[in-house]
Amino acid sequence: MQLRNKTILVTGGARGLGRAFAEAAIKAGAHVLIADVIDGTEVAKQIGARFLPVDLASPSSIQDLSKKVEKLDGLVNNAAITNSGGRTMEELDVDVWDKVMAVNVRGTWLMMRGCLPALRRVKGNVVIVASVTALWGAPRLLAYISSKGAVIAMTRGMARELGPDGITVNAVAPGLTEVEATEYVPAERHQHYAQGRALKRSQQAQDACGAVMFLLSDDAAFMTGQVLPVNGGFVMN
Ligand SMILES: NC(=O)c1ccc[n+]([C@@H]2O[C@H](COP(=O)([O-])OP(=O)(O)OC[C@H]3O[C@@H](n4cnc5c(N)ncnc54)[C@H](O)[C@@H]3O)[C@@H](O)[C@H]2O)c1
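The rules behind the values
Residues numbered from 1 in each chain as written. Predicted model: local features only at pLDDT ≥ 70, side-chain atom pairs only at ≥ 80, totals over all residues. Heavy atoms only, no water. Helix = DSSP H or I, 4+ residues; strand = E, 2+ residues; numbered from the N terminus. Buried < 20%, exposed > 50% of the residue type's maximum accessible area, 1.4 Å probe, protein only. Contact = heavy atoms within 4.5 Å. Near = heavy atom within 4 Å. Polar contact = N/O pair within 3.5 Å; in protein donor to acceptor, adjacent residues only side chain to side chain. Areas by Shrake-Rupley, 256 points an atom, 1.4 Å probe, with all protein chains shown as cover. Arc of directions from axis to C-beta. 1 Å grid on protein atoms, 1.4 Å probe; cavity = no way out; pocket = protein on both sides within 12 Å on 5 of 7 lines; lining within 4 Å. Points joined across faces, edges and corners; volume = space filled by probe spheres on them. Nonpolar A, V, L, I, M, F, W, Y, C, P; charged D, E, K, R; others polar. pLDDT = per-residue confidence, 0-100. Phe/Tyr/Trp six-rings, centres within 6.5 Å; stacked < 30°, edge-to-face > 60°.

Engineer: Residue-level account of the overall build of the protein, with values.
Structural biologist: For the protein, the count of helices and strands is eight helices and seven strands. Along the three orthogonal principal directions, the C-alpha set of the protein runs to about 45 × 40 × 40 Å. Put simply, the protein has 237 residues, and 54% of those count as buried. Within the protein, contacts between residues separated by at least 24 positions form 70% of all contacts whose residues are at least 6 apart in sequence.

As structure tokens, then:
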């Protein structure tokens, strides 16, 4: 029970990878809060978490959420949107670009800022969910990969700013994962990823859980500012 009695907040925990992280943290002994823009009441009930509504596009909504958390041993900044999947850089709209940046980049920063008092109280560990797409430059995903590049830079900058407070900030970079959000991705693309991996199979939500649980745990206490690619060896650092 790596996370026994720790309080962990997972943004975007109502479905997909976030739900898998929430369930894994509960299994590891944590009290879990899931925060999402979609209603996560039922999911929270099913998995034994508490649901808190939040819209990461809205600074005031993030502020309201942060008032509800007193102490956080762990924060998983997982929520993000893609919105631009399949469009070339010429087809991409400014509105889509701005929305992706508002949720994925500004939302992550504001969540961190809002949760800092709760993290400082217990020297919490933070995990930011990036993406392997930012590491290899996946085409037709420019707004998204730019936002993921930004959160990788943010991971490093925040790690240095918050290290003196004993707070660690690391990132994981999952590969293309089979979840609801990637059902729109053509089968050939899923196969392309599977073939490009050293481990030749599709990626499931559970595949990234071990890395996230480790980074939230005391076992990773002397690790900060790092990006762990968890993608079956598609990209190797
Ligand atoms: N699925 C993949 O192939 C893949 C690969 C690499 C990285 N990722 C990253 O993993 C994370 C989870 O992605 P997923 O695939 O599970 O997608 P998803 O869409 O199922 O999950 C994202 C969650 O964030 C929530 N969310 C969206 N906008 C929000 C907002 N404004 N405020 C609060 N919550 C909001 C959604 O409701 C959803 O529950 C994301 O950061 C994504 O970029 C996913």
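Now, onward.
Engineer: A description of the site of the ligand should follow, citing residues and the corresponding values.
Structural biologist: In the vicinity of the ligand, 28 residues are found, and the nearest of them are Arg15, Asp36, Asn78, Tyr144 and Thr177. For the ligand, an oxygen atom lies 2.5 Å from a polar atom in the side chain of Tyr144. Between the ligand and Lys148 there is a distance of 2.8 Å, counted from an oxygen atom to a side-chain nitrogen or oxygen. The protein chains hide 91% of the 820 Å² of surface that the ligand would expose on its own.

Engineer: Got a sec to walk through helix H7 (residues 187-196)? Specific residues and values, please.
Structural biologist: By the burial criterion, the buried members of H7 are His190, Tyr193 and Ala194. Buried residues of H7, seen end-on, are gathered within an arc of 100° and therefore sit on one face of the element. Exposed residues lying more than 90 degrees from the buried face of H7 are Glu188, Gln191 and Gln195. Those residues of H7 that are buried lie in contact with helix H5 (132-136).

Engineer: Account for empty space enclosed by the protein, naming residues and giving values.
Structural biologist: This model, assessed by the stated rule, comprises one cavity of 30 Å³ or more. There is about 30 Å³ of room inside the largest cavity. Looking at the largest cavity, the residues that line it are Asn77, Ala79, Asn104, Thr108, Ile128, Val129, Lys148 and Val151. Those elements that provide at least two residues to the lining of the largest cavity are helix H4 (94-122), strand E5 (125-129) and helix H6 (142-162). Within the lining of the largest cavity, the residues separate by chemical class into four nonpolar, three polar and one charged.

Engineer: Which residues make up the confidence of the model for the protein, and what values go with them?
Structural biologist: Summary statistics for the protein give a mean pLDDT of 97 and a share of 100% for residues scoring 70 or more. Mean pLDDT in the protein bottoms out at H7, which sits at 92, and peaks at E5, which reaches 99.

Engineer: Describe the packing of aromatic side chains, naming the residues involved and giving the relevant values.
Structural biologist: Evaluation of the coordinates by the stated rule reveals three aromatic pairs. Geometrically, the ring pair formed by Trp136 and Tyr193 is edge-to-face, given 6.0 Å between the ring centres and 75° between the ring planes. With Trp136 in helix H5 and Tyr193 in helix H7, the pair connects residues that are 57 residues apart, well separated along the chain. We classify Trp136 as partly exposed; its relative accessible area is 31%. On the basis of an interplanar angle of 65° and a centroid distance of 5.5 Å, the ring pair of Trp136 and Phe234 is categorised as edge-to-face. Of this pair, Trp136 sits in helix H5 while Phe234 sits in the segment after strand E7 (227-230); the two residues are 98 residues apart in sequence, bridging distant segments of the chain.

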